[in-house]
Amino acid sequence: MMDENTYLLINDYLDGSLKGRALDKFKTELKTDSVLQEAVAEQEAIIAAIQSAREQELKSYLNQNLSKKTKIFSFSPKLKIGLATAAAIALLVVVFTNISPRFADKDVTTSEDIKESPSEDFNENKVPADSSSTKEGNSLANKETTEIDTQTLAVVTPQPQVTEDVTILENEEKFDSDLEDKIVEILDTAVEKDLVEANTTQGAKPKALEKKEEEIVVSDKLLTSRFYTVSSISPDFSETISTETVSEIEVATTSKRRDRKKKVKAASESLENSSDKVTASRNVNVEYWQSVVNYKGYKYDGAKVQLYGMEQSKPISFKELDDRLYLSLNGKQYFLEKNKKYNRMVEVTNSTLLKVLND
Amino acid sequence: MFGIGKLAEHNVLERIKQGDEQMLVHLYKEHHTMVKNFILKNSGTVDAVDDIMQDSVIAVWKNVNKPNFLLQAKLSTYLMAIAKNLWFKELKKKSRFKLVDETNHLAGGSEEMNLNLDKALIVQLVQDMDETCRRLLSYFYFDGLSTKVIAEKLEFANANTVKSKKYQCFKKLQGTVLSKYSKEDLL
């Protein structure tokens, strides 16, 4: 058995770390020393065995870790592309299968909403979970029927929405057809009216046309038309006013207020004492009309007076004062305003004016 | 490929120097296809691929831990060069084996076979050693790990402890071998 120094020296010689003089010295000794030669051979054989053992150990380690389960799959570029494509397709399929049922559910619910009859909702008072437009419509219909129920306090079997729609449509169609009929009638009557006028000129009026004419009395009806004489009133108080005002100005010069009062007083007195000049100037055309809506009033455009709702038998008279037309009816005076509107009768209440008009 | 994933080259080398045996598997898996394609194109078989691959990876493992090792190319290029050399050596051995086989048939001697058998017996004795000594001697004589790394791996106090323990283990193995074989058998 060799000592540790020899062992280390042989180690260095065998692994090549012994160099220089130490190597030359060792080689010299190795040539001559047979014991050293045996020691080197022993150590070399043992080291070789250790290396072989380690090599086998590492190979067995590799074999264990490279067993069949973990066998290497070398992915060629084509295989990698194929696998990536397959994975992408699989992902798309998974996503589609997850998303598509949601769309399908939505479709089903809407179709169910449409299929649900409103009567079921009314009877069961179900509150729909979804706030779809169809259900809102149903809830509105529900509200309407409940209002009707509370008003009539009667059990009303609600009509299906479809039948309501149908009736509405029928009504609309009926209304349209009626409207069309009326328009046709109006057009026909207009044409027939012309024909009637033409016939009246000839003195003959067919009975069938008269009947149709009665049917279309929808506007105001002219009863009669008369002419009345308008008495124009022009009171002459210029002299009295002038003389009295002059005297008043001479007498009262101190107080202006007093002057005003006196002037007004004098004017009224002069108006009362004055002798009115009444001159028949013109005639006015008066038409008696029967209103469809029983309107009572007048329309005066300056040349013609249209009286609505007035009895023709009652006597009337017209007076004109300062270009203003007054109607006398049943002992009352009414002012007729000149415009193109329909006006109500306005009674004159001014006593002075009434006195003038009544005189 | 699956467990470790892509590692930077310097990380692989560093972990080999630290005696991380997982790097053997990593190198094997990383370069298997490349070596396989080469061997199959050069009149090799799948079994030969595995053998060459293992030898190549272990050769890289050993060489990286040598003190004067300097990698001047990519690790894959280096490994591929080793694999090529090993395969050409194997091809030469095969052709030589044919000649030797023919001469053996004529001469009838097989002295080399007996020597290989003795070596295998010593290997068996190494494998039967206790765990610590076997690993210590393996790390030192095969892996070429430094005494510092061996101390860390085997949880020794320091490098000096490794040195003294190494001598003790070697003496023990030598005694076992000499008890089984005579000195003449080893020469």
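Rules and cut-offs
- Residues numbered from 1 in each chain as written.
- Chains lettered and ligands numbered in written order.
- Predicted model: local features only at pLDDT ≥ 70, side-chain atom pairs only at ≥ 80, totals over all residues.
- Helix = DSSP H or I, 4+ residues; strand = E, 2+ residues; numbered from the N terminus.
- Buried ≥ 20, exposed ≤ 12 C-beta atoms within 10 Å, placed from the backbone.
- Contact = placed C-beta atoms within 7 Å.
- Nonpolar A, V, L, I, M, F, W, Y, C, P; charged D, E, K, R; others polar.
- Axes fitted to C-alpha atoms, helices over the stretch in contact; angles between N-to-C directions.
- Parallel < 35°, antiparallel > 145°, perpendicular 65-115°, else oblique.
- Left-handed = near helix turned anticlockwise from the far one by under 90°.
- Pairing = 2+ DSSP bridges.
- Core = buried A, V, L, I, M, F, W, Y, C linked by C-beta atoms within 7 Å.
- Expected span 1.5 Å × (residues − 1).
- pLDDT = per-residue confidence, 0-100.

**Concerning the overall build of chain A**
Here is step 1: A count of helices and strands for chain A gives 11 helices and 8 strands.
Here is step 2: By residue count, 9% of the 359 residues in chain A fall in the buried class.
Here is step 3: Contacts spanning at least 24 positions in sequence make up 52% of the contacts within chain A whose residues lie at least 6 apart.

**Brief notes about the interface of chain B and chain A**
Here is step 1: Chain B puts 30 residues into the contact, and the matching count from chain A is 27 residues.
Here is step 2: By residue class, the composition of the side of chain B that touches chain A is 18 nonpolar, 6 polar and 6 charged.

**Structural notes on the packing of helix α3 (residues 34–65) of chain A against helix α3 (residues 46–64) of chain B**
Here is step 1: Contact geometry of α3 of chain A with α3 of chain B gives a least axis separation of 10 Å together with a crossing angle of 120°. With respect to α3 of chain B, the element α3 of chain A is oriented oblique. Relative to α3 of chain B, the crossing made by α3 of chain A is right-handed. Here α3 of chain A contributes Glu55, Leu58, Lys59 and Leu62 of chain A to the contact with α3 of chain B, which in turn contributes Gln54, Val57 and Ile58 of chain B.

**Here's the deal with unusual backbone geometry**
All names here are of chain A.
Here is step 1: Within the chain, Asp322 stands out as a residue other than glycine whose phi angle is a positive 55°.
Here is step 2: Structurally, the position occupied by Asp322 is in the loop between β5 (316–321) and β6 (324–329).
Here is step 3: Asp322 sits in the exposed class, given 8 other C-beta atoms within 10 Å.

**Here we look at the pairing of β5 of chain A**
Residues and elements named next belong to chain A.
Here is step 1: Of the strand pairs in this sheet, β5 and β6 are connected by 6 bridges, and their pairing is antiparallel. Each bridged residue has a counterpart across the sheet, and for Phe318 the counterpart in β6 is Leu327.
Here is step 2: Between β5 and β6, which follow one another and run antiparallel, lie 2 residues, and Asp322 among them has a positive phi close to 55°.

**Digging into the nonpolar core**
Here is step 1: In this structure, Ile46 and Ile50 of chain A together with Leu137 of chain B are the most contacted members of the largest nonpolar core, which totals 22 residues.
Here is step 2: Setting aside residues up to four positions removed in sequence, Ile46 of chain A forms contacts with Ile122, Leu173, Gln174 and Val177 of chain B.

**Considerations on helix α2 (residues 22–41) of chain B**
All names here are of chain B.
Here is step 1: If you check α2, its first and last C-alpha atoms are 29 Å apart, about what 20 residues at 1.5 Å a residue would give, namely 28 Å.
Here is step 2: By the burial criterion, the buried members of α2 are Met23, Leu24, Val25, His26, Leu27, Tyr28, Lys29, Glu30, His31, Val35, Lys36 and Ile39.
Here is step 3: Two residues or fewer after α2 comes Ser43, characterised by a positive phi angle close to 55°.

**A short note on the confidence of the model for chain A**
Residue and element names in this part refer to chain A.
Here is step 1: This prediction gives chain A a mean pLDDT of 70; 51% of its residues lie at or above 70.
Here is step 2: The low-confidence segment residues 108–112, where pLDDT is below 50, has 2 contacts with residues more than four positions distant or belonging to other chains.
Here is step 3: Predicted confidence for residues 114–156 stays below pLDDT 50, and this span has 30 contacts to residues more than four positions away or in other chains.

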